[in-house]
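Coordinate inspection notes
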Amino acid sequence: MSARGMLSLVGNAVGGLIGWSEQVPPADPEVLRGLFADLGVRVGTDEAELDEAVRYFQSRTGLPVDGEAGPRTVHLLARYATEAREMTRIRAA
């Protein structure tokens, strides 16, 4: 198993321990860019831009600002992205 796969597995296990009901997506850069896009935030292909977006998201949501897309950050980002997609569907209906 790759290191990224192991981190994803550990993140899901930790999420289960603290009560997260949905599966946390992997902290893959393309997945993160997709989640940010769901929030209306365009993040370029440069890794520095992604780090900056993660730091900004962390600062706005009360998470420790470390620029790392760990399980807590990815979980909250995925939750907000899901809510944004649902709001888009409501507006379209």
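Scroll up a little and you will see the structure.
All residue numbers here refer to positions counted from 1 along the written sequence of the relevant chain. The predicted origin of the model limits local features to residues at a pLDDT of at least 70 and limits the giving and counting of side-chain atom pairs to 80 or more, whereas totals for whole chains, interfaces and linings rest on all residues. The side-chain values count all of the structure's non-hydrogen atoms but skip hydrogen atoms and water molecules.

**Things to note about the layout of surface pockets**
To keep things clear, this is the line we draw: In this analysis a 1.4 Å probe is tested at points of a 1 Å grid over the protein atoms alone, and where it fits but cannot get out there is a cavity; an open set with protein on both sides within 12 Å along at least five of seven lines is a pocket; lining residues have an atom within 4 Å of a point. Grid points are joined across faces, edges and corners, and a volume is the space filled by probe spheres set on the points. Only DSSP runs of H or I with at least four residues qualify as helices, and only runs of E with at least two residues qualify as strands; both kinds are numbered from the N terminus onward. Side-chain classes follow a simple rule in which Ala, Val, Leu, Ile, Met, Phe, Trp, Tyr, Cys and Pro form the nonpolar group, Asp, Glu, Lys and Arg form the charged group, and the remainder, Gly included, forms the polar group.
When its volume is computed, the second largest pocket comes out at roughly 150 Å³. Surrounding the second largest pocket, Phe36, Leu39, Val41, Ala53, Tyr56, Phe57 and Arg60 form its lining. If one sorts the elements of the lining of the second largest pocket by residue count, helix H3 (residues 47–61) sits on top with 4 residues. Its residues assigned to classes, the lining of the second largest pocket comprises 6 nonpolar, no polar and 1 charged.

**Concerning the environment of Tyr56**
The test is simple: Summary of the burial criterion: residues with accessible area below 20% of their type's maximum are buried, those above 50% are exposed, and those between are partly exposed, where the area comes from a 1.4 Å probe applied to protein chains only.
Structurally, Tyr56 can be placed in helix H3. With a relative accessible area of 54%, Tyr56 lands in the exposed category. The spacing of Tyr56 and Gly67 is 11 residues in sequence and 8.4 Å in space, taken between C-alpha atoms.

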